Each structure stands twice: as C-alpha cells, then as structure tokens.
Amino acid sequence: MFVELHRSGIATDNVEDRHGVLTLPTTDVVRPAGKVLVVDDEAANVKLLKALLTREGYTVVTACDGEEALAMVASTHPDLVLMDVLMPKLSGYEVCERIKHNPATRLTPVVLITALHEREHKIQGITAGADDFLTKPVDPHELRARAHSLVRLKRYTDDLDSAESVIMSLALVIEARDAYTDGHCQRLAAYATLFGTALNLSEEEIGALFRGGYLHDIGKVGIPDAILLKAGRLTVSEYEQIKSHPVIGDRLCGELRSLRQVRPIVRHHHERLDGSGYPDGLKGDDIPLLAQIMGIVDVYDAITTKRPYKSAGTSDEAHAELLHEVQRGWRHKGLVETFISLKIEPSLAGGSRP
Ligand SMILES: [Fe+2]
C-alpha cells in the first residue's frame, strides 16, 4: 500500500496533481492522516472545513445536524469530531455530552466551533466534555494544529486499546488449550465483578476485576503443555514451573497503561494472608484487595467445575473450603463472608466462551 506526500511533508489524497509528489511505502511513521467528522447545519461551513482538512490528507465525513452526527460517530468511528455549537434538534453541547458518556466513543476528541465568545458558552462546552474550541471564522493554521495534535492523541489511545485486545485474545487462546477450563475466564470475570460491586468498589476497580478475570492466568502461556495438562501428580520441579505463571503474566502485561490496575491481580492472585502463597509471599494487607478477590473466586470456580480428576462440587462445598482457608489464615474472613452472602450460583456465567 502506498500513500502520496507533497515535498512539503503534508499528506494529500489529491492524486490528480502530480507536480512535486513523492510516492512512499506506508510504514509506522507514514500513516493515513485520520478521519474527521465535520458537523454543521450550514452547508457552506461544511464545504470550507472539508476542503481545508482534505488538503491536509484527512478523510472527511460530514453530518448536518446532531442526530446525524451521533449516527455517523457510531458507524464511521472518526478520529476527531469538529462540530458547530448551534444546530437544530440537538445542540453541539448535547451531542458532545452523549459522545463522552458512551464508553465506546468517550475517547473520540470533540472540538466545538462557535461564534460565541462569552465565557459561559465555553464553560458549557467544557462541562459537556469538549476537548477544545475553535472560533468562527476558523483560522486554517489553528485548525491544522488542533486537528493534528488531537488525532495523534486518539491514535495513541487506539494503539493502547489494540495492545490490550491482543493480550485479552491471548488469554482466551490459553484457556482453549485446556478443555476442562472452558469458560473459566468468563466465569471469573462475572463472579469478580459481582463481588466488587457488592463491596462498593469504584467503576475503575470493577473494570480491572473484569479484565483480571480473563488475564489472571495469562502467564500459563509460558508453561509447557506436558506440565499444564498433565493428568497425574506433578513433580516438585513441575509444580515450581506452574508457580511461575503469575510472574510471567505480570511481565506480559508489561507497561500497558490500561492494564495498570490489572497487573497486581495477575501477579498476586495466589498469595495467602499468612505469607505462604506465591510468587512474593506477601502477607495480610500487603496483598492487593483486587488480587484477594480474584483468589477467592478462583477457588470457588475450581471447586464448582468438573476437572479430569473430580466431578463438579456444589456452592456449599466451595463455601466450606473457603471458610476452611480462612481458619488456616490464608483468606480474609470478612471478604469470604461477603462472597458467601452473595449466594452466587455456579451456572451464573455459563460454560461457553464468548
Ligand atoms: Fe493462577
């Protein structure tokens, strides 16, 4: 695939003007400039902005009112929305607010374009979640600079999301290696988020529990099948290898910013309050709360599902084991009691992979 660049370094999709055009292979450095949604009820304004942005190499899609804008955001996934404030039906503020309240679109940058200079209009825009403002008549240099920096930021967060989705897919591949753990990740994500909700944790923490349900055992990718799937008793050295999965998983999550709160779950879900767990032998409150939660639901799921060497146990049997582990000093009494009070059923999350 090739893109065309003017000698000035400005990308363009104008293939008719061949004068001074270089053809370069697409690399990580040379990417299409991005997609911009222009929203304005004045056709002349749309035409002007479209011409300016197209000249800069952007793909431009347009909408003439707020409702159409929301539909376009959902269907075309723009990297930037440039939107007039005063429009029929929905105002720019209302559209901006809806974009920012939808988890699927909240990271899409929105620039409000207004002829209104008053302070309260700007405050209203900021309250609606606008990322920036442009004043009519739009200065082409200002437009170029704002569009460039906001699209770059959007691309950066998209790349983070992509990296996270690769890791999430990898977790499901690992689960698929072992037929007997089918649905384990999905169930843990469901149990842990219910548990977190009952504990009044923040939205961010509950999100981490959901991801942690999928990712907690991702380090098992580094354990050979011969050990991971071994039907008989493990040797001491094989068990030591299994015990390395939290550290391998922690390393795999690496420096992904979006997994910052998930990493402690991955690393510490096998720790015990008395320090007899692994990999770090943490004690008491040093074990992150989210990791303690995952440890509890992991035990519950292990007991209530069928394995090659045992049939599925009941919820009561799993609760009894958890209380036994409280007595041994491995688990937090209050947390286990709260979990039991939720009366979660083993069939809650089903057994099928999403
Ligand atoms: Fe584990």
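Residues numbered from 1 in each chain as written. Predicted model: local features only at pLDDT ≥ 70, side-chain atom pairs only at ≥ 80, totals over all residues. Heavy atoms only, no water.

Asks: Go over the pairing of strand β7 (residues 110-114), please, and point to the residues and values.
Replies: A large share of β7 lies buried, amounting to five of its five residues. Of the two faces of β7, the one carrying Val-110, Leu-112 and Thr-114 and the one carrying Val-111 and Ile-113 are both buried. As paired elements, strand β6 (residues 80-84) and β7 share four bridges and run parallel to each other. Within β7, the position partnered with Met-83 by the bridge is Leu-112. (Buried < 20%, exposed > 50% of the residue type's maximum accessible area, 1.4 Å probe, protein only. Helix = DSSP H or I, 4+ residues; strand = E, 2+ residues; numbered from the N terminus. Pairing = 2+ DSSP bridges.)

Asks: Just give me the short version of the nonpolar core, but keep the residues and values in it.
Replies: If you look at the biggest cluster of nonpolar residues, it comprises 37 residues, and the most contacted ones within it are Leu-209, Leu-215, Val-297 and Phe-339. Contributions of two or more residues to this core are made by α5 (140-177), α6 (184-198), α7 (203-215), α11 (263-268), α12 (289-304), α13 (315-327) and α14 (333-341). Once residues within four sequence positions are removed from consideration, Leu-209 is found in contact with Ala-189, Ala-192, Thr-193, Gly-196, Leu-201, Ile-265, Leu-290, Ile-293 and Met-294. By size, the runner-up hydrophobic cluster in this structure holds 21 residues, among which are Val-61, Ala-63, Val-110 and Leu-112. (Core = buried A, V, L, I, M, F, W, Y, C linked by side-chain atoms within 4.5 Å. Contact = heavy atoms within 4.5 Å.)

Asks: So what's going on with unusual backbone geometry? Which residues, and what values?
Replies: Excluding glycine, residues mostly have negative phi values, and the peptide bonds linking residues are mostly trans. The peptide bond linking Lys-136 to Pro-137 adopts the cis configuration, its omega dihedral lying at -5 degrees. Put simply, Tyr-278 and Pro-279 share a cis peptide bond, and its omega is 10 degrees. Of note, Pro-279 is situated in the loop between α11 and α12. In this structure, Lys-89 is a non-glycine residue whose phi angle is positive, near 65 degrees. Looking at the secondary structure, you find Lys-89 in the loop between β6 and α3 (92-101). One non-glycine residue, Asn-200, adopts positive backbone phi at about 60 degrees. Following the sequence through the fold, Asn-200 ends up in the loop between α6 and α7.

Asks: Could you give an account of the pattern of salt bridges, with specific residues and numbers?
Replies: Enumeration according to the criterion identifies 17 salt bridges in this entry. For the salt bridge of Asp-79 with Arg-155, the shortest nitrogen-to-oxygen distance reads 3.8 Å. Linking Asp-79 in the loop between α2 (66-76) and β6 with Arg-155 in helix α5, this pair joins segments that are 76 residues apart in sequence. You can call Asp-79 buried: its relative accessible area is 8%. Overlapping salt bridges bring together Asp-250, Arg-263, Arg-267 and Asp-280 as one network. (Salt bridge = Lys/Arg side-chain N within 4 Å of Asp/Glu carboxyl O.)

Asks: Residue-level account of the environment of Gly-313, with values.
Replies: Inspection of the secondary structure puts Gly-313 in the loop between α12 and α13. Under the relative-accessibility criterion, Gly-313 is labelled buried at 16%. Spatially, the C-alpha atoms of Gly-313 and Ile-303 are 5.4 Å apart, while their sequence positions differ by 10 residues.

Asks: Explain the sheet that holds β6 to me, and be specific about the residues and the numbers.
Replies: Strand order in the open sheet formed by five strands is β5-β4-β6-β7-β8, with parallel pairing between adjacent strands. Looking at strand neighbours, the two that pair on one side only are β5 (59-63) and β8 (132-135), the edges of this open sheet. On average, each strand axis in the sheet is tilted by 20 degrees relative to the strand beside it, whichever way the strands run. When strand β4 (residues 35-39) meets β5, the two strands line up parallel, connected through five bridges. From the neighbouring strand, Val-39 faces β5, where its bridge partner is Ala-63. (Axes fitted to C-alpha atoms, helices over the stretch in contact; angles between N-to-C directions.)

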